[in-house]
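Report on the structure
Listed here are the chains, written in short residue letters.
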Amino acid sequence: MVKNIFKTLLLTLKRSNNGVFEILYQSCSFNSWKKKDDDKLNIDEINALFPTLQNSLFDLIFESLEKNKTLEIPLIVDSQSFLFLKFEGCILAHEDNSHLINTMISQDMTGSCPSWIINFKDQSILTAVSKTEDYFPSNLNDFRGYLKIRFPFLTEGTLDNLLNQETDNAEFSFINLRFKSKNISADYRSLQLEEYQDNRVPQSKRQNSVAINGNENHEIIYFKYLKKSREILWSGPLCNLLGYEDGNLRSFILWDWLKIIHPEDRKLVEDFVSREHYEKDNYSFTYRVRNKKDTFQYLTNNIRVFKSAITQEEGLTGTLINALQHKKKIKTLEDKKDVLQNLTEKNFIQNMMTEVSAISTLFKGQNLFEEINHLIYKKLGIRFCIIGNLESGTNKMEILSICESGKNINDSDKWWENLLNEELLPIDPANNFLMISSEKDHVLSHISFFIEHKITSLLRLSLFDTEMNKIGTLCLLHDQPFNNKAYYGELFSILRDWISKELNRCRFENVLQETNFMHDAILNGTAYAIFAVNHQFELILINNKTLPVFNLNNKDELMKTKLLKNDTNTTLLEVISDFLKSSLKTDYFHLPIGEDDYKELKISFTKIQYGNENKESYVIFVDDITDRTLSEKKLIASEQLFRSIAENFPRGSVDVLDKSFNYLFTDGEEYQLSGTDPKSLIGTNLLKQFSGDNLKITKSSLNKVLRGQRVSYETEARHMKFLQSGVPLMNNAKEVDRILLVTQNITEAKRLESDKEKLIKDLKSHNEELLRFAYIVSHNLRAPIVNISLLLDLYNDENPADPGNREIWENLKISTNLLDTTLQDLIEVVSIKKQKIPKVEQIDFKLLLNNIEKSLFNQLKESGIKIEKDFSGLNDINYVYAHLENFFMNFMTNSVKYKHPERSPIVKISTYKENEYCVIRFEDNGIGLDLTRYGDRIFGLYQRFHNHVEGKGLGLYLIREQIRAHDGKIEIESEVGKGTVFKVYLRNLIMNHSW
């Protein structure tokens, strides 16, 4: 193969209606083989790389792609060599007669015939980059000498004829070699050497002739027939088959083809192509066609029915071959099977690549990949052929084409896609190639589908774009072993390049198409009229709102549209010209639409520069504000009334809305307090100020007003609360056409109401606490005081030495200690309730827990407790350290005290944010509590529910009081035998820096 030194280039051009080209996108540089910085070139720099062209490169690209042809031209690599580039792509036409051109430029890797270009300006020679040429002559004299030595049959006269600038075209043939030379521009001449088959040359001479590339003449013609346009597209050597020049029959109407079919066979072909539907997928028949010599020869037409992936339109595709030659070849092959074994694999590969190249000129997108799969089956007989495309941003392949024994398969249930992505063996990333083939190989036996269809061979390889990024896969499944793995490996490695190139082009065109769809959706989805003109004021862009806004049917009349400004007539063209001369970018005009009637238009103007030459275009936005202006006029009629109401309405506003909830009028004291200009709201929509629940209740309430109801509802905005009252306003027909909305700021009233409710709640809570505290005090102090009183009565003060007095003193100590303990507990409870300012500091949960573990080290170690902690949701909190330490200490010691006797204790501690709270979640797997029985007493004073360990029943009560002291709360979840979960909800307190 020719060495690939050119980096495939994707180029997007715009051709204006006056023939000027502009580069919109360039994936890499034409100079990429020089290994310099990948700077993009402009139009002049690119044209300079093609000095052999008589016309501009971009004109040639446009003319070729417009005729659905592939363009091949030489690119000068350096002072001694050149290479052939292939230009393929498509053209999208716009309404303004401009065109969008997408082309893929790649090195022509198929050509290996020696080629040279003579530069008559300096007598230098350029040699085509190929695998066969390693000699690069420096000038015309060296080149002439080289040709004489290599091809001694060339005479001086023949060389003069071939190399003379004065000769337009020259050709010389010798046995199976043909020299062609022609002037390609004023200063350049090309010379090409090719091999051909001359039936007049004896077989003995052919075997001894000079070989160039070993290619045979392929007399297979590929065609595609489009039923809708009745056009036939051809690819292949028509000249070899019928004698006609390829250019004359590359594309023509069906009736032209029928004219050269034998009259007796013509009806057969005409009836076939005129069918509405075809029952079978494949057909084959033979008929006679008139060749260039005006004689008839038999052609065999193999036809396959296909459907366009986009339009679902039926068409025909297939091949034409010389029927008699084909039969002779088959007979020869049958008689000489041993010769078949000696056919070179290289010729087969070249033959197949020629057919792939022919197919790629006729088909695009999914149809092309289906044709490639059919060709693989036809040539190799492989049972299942799959081509997949890698979905963008994923590692998932989507099916582009599946073929079983030459017939397409529909993967509507995604079964094949799952097989390709989930079940098939992965490709070796080192060479992106996988081949398994053996009747005894059990590697594939894990897939039931393979067993069912007796699949013994798998070939899978990756497809790549120009940057060697993976973009797809080719997968082949067969029920026979691949006997020559090296041959298959070489064949499909070459085929991979072709399929990769076509897949890359298909992906590029799909992205471009999506971009165009998005462009149209944005342009035509707006409520404005939008159009653009170039610097010559020619229309280059227009959306679907423009003509209706100006009441036009023909866009050619747009610039002549008459407008009024201050009773002065002008045209739209003059308006744009005036914008260019002034700094004004927006203005208002009247568009006459009848006697004493007009539209009011707001016209905005902006200038843009684009391209390498900073060309200017002008974009105009037009807004029909007629309805809005009428609404404003209605508003003015009643504005004084509403303004007088609004100005005398304290801490509120008065609004008048239309049926779409747009402001017609709004004013009030609330705007003065908030610093808002009420005039800026006119014409805007009230609902845009709200979201969430506020939007929902506002929209629902205003819809009730439109139905004739009066409503009152509350909303919240900017941390303030508002009471809004809506009243329907009727027109003369007693229909609701406007809404009167009165809004009052009730933030202060709500705050006072909230403070009042909180005060009542706090008083009630304090009264309940006082009653409980009084009860506890009377109950807990009464017992030790009664005991002390009784003991004092028993004391023998007449005889202090009485032995009974000693026992009384011991009991007195116990009672006083109990009284002291109770008093200390009550003092601690009272201290929590004192309203003093605590010290707030930033507390790291991880450090706090480490301190707790150190304090309880021995107790935790003896219990064997396991502590799992997760502070990822919340690392720290601003709080009172002593309180937070008390929470953790109590929960931890309780987990040890009330652990389950049959399992090791486990504690899970986590922190996170929930709304305005910082939450501490403490979970253990201890013995748990019966909340149904004790739930209302859990956080009570001196409440205990287990007697097997010591305790006062004071810890949870103190925790709750400390939490409530700072507006927090605590929740418990517990189940007997399973464990307990405490959730502590704390406020993130404000730091007190005075400490």
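Structural notes, computed from the coordinates. (Residues numbered from 1 in each chain as written. Predicted model: local features only at pLDDT ≥ 70, side-chain atom pairs only at ≥ 80, totals over all residues. Heavy atoms only, no water.)

1. Comments concerning the overall build of the chain
Broken down by element type, the chain carries 27 helices and 41 strands. Buried residues in the chain amount to 44% of all 995 residues. Contacts in the chain between residues at least 24 apart in sequence constitute 53% of all its contacts with a sequence separation of at least 6. Within the structure as shown, the chain displays about 55300 Å² of accessible surface, and the carbon and sulfur contribution to it stands at 50%. (Helix = DSSP H or I, 4+ residues; strand = E, 2+ residues; numbered from the N terminus. Buried < 20%, exposed > 50% of the residue type's maximum accessible area, 1.4 Å probe, protein only. Contact = heavy atoms within 4.5 Å. Areas by Shrake-Rupley, 256 points an atom, 1.4 Å probe, with all protein chains shown as cover.)

2. A word on the packing of aromatic side chains
Summed over all chains, the structure comprises 24 aromatic pairs. Where Phe172 meets Phe179, the ring centres are 6.5 Å apart and the plane angle is 40 degrees; that geometry is what we call tilted. As far as burial versus exposure is concerned, Phe172 and Phe179 are alike and both buried. Taking 5.3 Å as the distance between ring centres and 40 degrees as the angle between the ring planes, the aromatic pair formed by Phe384 and Trp416 counts as tilted. (Phe/Tyr/Trp six-rings, centres within 6.5 Å; stacked < 30°, edge-to-face > 60°.)

3. Considerations on the environment of Pro592
In this structure, Pro592 sits in strand β27 (residues 586–594). Taking the relative accessible area as the measure of exposure, Pro592 reaches 41% and is therefore partly exposed. Pro592 sits 41 residues away from Asn551 along the chain, and the two C-alpha atoms are 9.9 Å apart. With sequence-adjacent residues up to four places away left out, Pro592 is seen in contact with Lys562, Leu564, Asp597 and Tyr598.

4. So, the sheet that holds strand β17 (residues 384–390)
Ordered in space as β19-β18-β17-β22-β21-β20, the 6 strands form an open sheet in which the pairing is antiparallel. What marks the edges here is a single partner per strand, and that holds for β19 (407–408) and β20 (433–437). Note: strand β18 (residues 397–404) against β19, 2 bridges, orientation antiparallel. The residue of β19 that forms the bridge with Glu404 is Lys407. Together, β17, β18, β19 and β22 (470–478) form the strand contacts of helix α12 (residues 365–380), whose direction differs from that of β18 by roughly 45 degrees. Lying over the sheet, helix α15 (residues 485–525) contacts β17, β18, β20, β21 (457–464) and β22, oriented at roughly 40 degrees with respect to β21. (Pairing = 2+ DSSP bridges. Axes fitted to C-alpha atoms, helices over the stretch in contact; angles between N-to-C directions.)

5. Here we look at helix α20 (residues 692–706)
Between its first and last C-alpha, α20 extends 22 Å over 15 residues, near the 21 Å set by a 1.5 Å rise per residue. Here α20 has its buried residues at Thr698, Ser701, Leu702 and Val705. Each buried residue of α20 sits inside an arc of 100 degrees when the element is viewed along its axis, so together they form one side. Relative to its buried face, α20 has exposed residues pointing more than 90 degrees away, namely Gly692, Asp693 and Lys696. Structurally, α20 contributes buried residues whose contacts are with β30 (652–657), β32 (711–717), β33 (720–730) and β34 (736–745). With its phi angle positive at about 100 degrees, Gly708 sits one or two positions after the end of α20. (Expected span 1.5 Å × (residues − 1). Arc of directions from axis to C-beta.)

6. Thoughts on the pairing of strand β39 (residues 917–924)
Side chains on a regular strand alternate between the two faces of the sheet. Where burial is concerned, most of β39 is hidden: 6 out of the 8 residues are buried. Hairpin connection from strand β38 (residues 906–914) to β39: 2 residues lie between these consecutive antiparallel strands, with Asn915 at a positive phi of about 60 degrees. Inspection of the sheet shows β39 paired to strand β41 (residues 979–986) by 7 bridges, in the antiparallel sense. Within β41, the residue paired with Glu923 across the bridge is Val981.

7. A closer look at unusual backbone geometry
With phi around 70 degrees, Asp294 is a residue other than glycine that occupies positive phi space. Phi at Asp567 is positive, roughly 65 degrees, even though this residue is not glycine. Summarising the element assignment, Asp567 is placed in the loop between β25 (562–565) and β26 (568–571).

8. Digging into the nonpolar core
Judged by nonpolar contacts, the single largest core of 37 residues is most densely connected at Tyr879, Leu884, Phe888, Phe891 and Leu986. A total of 6 residues in this core trace back to one element, the largest contributor, which is helix α25 (residues 881–897). The contacts of Leu986, once residues within four sequence positions are left out, are Ile877, Tyr879, Leu884, Phe887, Glu916, Tyr917, Cys918, Ile920 and Ile963. In this structure, Leu375, Leu380, Ile471 and Phe482 belong to the second largest nonpolar core, which totals 35 residues. (Core = buried A, V, L, I, M, F, W, Y, C linked by side-chain atoms within 4.5 Å.)

9. Remarks on the side chain of Asp265
For Asp265, the position within the fold is in helix α8 (residues 263–273). The buried category is assigned to Asp265, whose relative accessible area is 12%.

10. Brief notes about the pattern of salt bridges
Summed over all chains, the structure comprises 27 salt bridges. Between Glu916 and Arg987 there is a salt bridge; the shortest N-O distance is 3.7 Å. Placement of Glu916 in the loop between β38 and β39 and of Arg987 in the segment after β41 is noted, with a sequence separation of 71 residues between them. For Glu916, a relative accessible area of 44% corresponds to the partly exposed category. Residues joined by salt bridges that share partners form a network here, namely Glu88, Lys501, Glu502 and Arg505. (Salt bridge = Lys/Arg side-chain N within 4 Å of Asp/Glu carboxyl O.)

11. Regarding the side chain of Ser185
Relative to the helices and strands, Ser185 is located in the loop between β9 (177–183) and β10 (188–195). Residue Ser185 is classed as buried on the basis of its relative accessible area, which comes to 9%. Look past the residues within four positions of Ser185 in its chain and what remains in contact with it is Pro51, Thr52 and Gln54.

12. Quick look at the pairing of β20
Of all 5 residues in β20, 5 are buried; the element is thus mostly enclosed. Because side chains alternate across β20, one face comprises the buried residues Phe433, Met435 and Ser437, and the other comprises Leu434 and Ile436, equally buried. Where β20 lies against β21, 5 bridges are found, and the strand directions are antiparallel. By the bridge assignment for β21, Met435 is matched with Leu459.

13. Details of the packing of helix α23 (residues 845–855) against α25
Where α23 contacts α25, the two axes come as close as 10 Å, and the packing angle between them is 55 degrees. Relative to α25, the element α23 lies oblique. Of the two possible hands of crossing, α23 and α25 adopt the one that is right-handed. Between α23, through Phe845, Leu848, Leu849, Asn851, Ile852 and Ser855, and α25, the contact on the second element is made entirely by Tyr881, Leu884, Glu885, Phe888, Met889 and Met892. Residue classes in the contact of α23 with α25 are distributed as 9 nonpolar, 2 polar and 1 charged. (Parallel < 35°, antiparallel > 145°, perpendicular 65-115°, else oblique. Left-handed = near helix turned anticlockwise from the far one by under 90°. Nonpolar A, V, L, I, M, F, W, Y, C, P; charged D, E, K, R; others polar.)

14. Quick look at the sheet that holds β39
Read from one edge to the other, the open sheet built from 5 strands follows the order β36-β38-β39-β41-β40, with strand pairing classed as mixed. In the strand order of this sheet, the two ends are held by β36 (866–870) and β40 (969–975), each with one partner. Averaged over all adjacent pairs, the angle separating strand axes in this sheet is 15 degrees, with direction ignored. As defined by bridge partners, β36 adjoins β38 across 5 bridges and the pair is classed as parallel. Residue pairing for β38: Lys866 is matched across the bridge by Ile906. Packing of α23 onto the sheet brings it into contact with β36, β38 and β39, and relative to β36 it is tilted by some 165 degrees. In the packing of α25 onto the sheet, contacts are made with β36, β38, β39, β40 and β41, and the angle to β39 comes to roughly 20 degrees.

15. What to know about the environment of Asp520
Turning to its location among the elements, Asp520 is positioned in helix α15. In this structure, the C-alpha to C-alpha distance between Asp520 and Asn543, residues 23 residues apart in sequence, is 8.2 Å.

16. Examining the packing of α12 against α15
It is the contact of α12 with α15, at a shortest axis distance of 10 Å, that shows an interaxial angle of 165 degrees. Comparing the axis directions of α12 and α15 gives the class roughly antiparallel. The two elements α12 and α15 cross, and the hand of that crossing is right-handed. Of the residues in α15, those in contact with Gly365, Leu368, Phe369, Ile372, Ile376 and Leu380 of α12 are Tyr488, Leu491, Phe492, Leu495, Ile499, Glu502, Leu503 and Cys506. Grouping the constituent residues of the contact of α12 with α15 by class yields 12 nonpolar, 1 polar and 1 charged.

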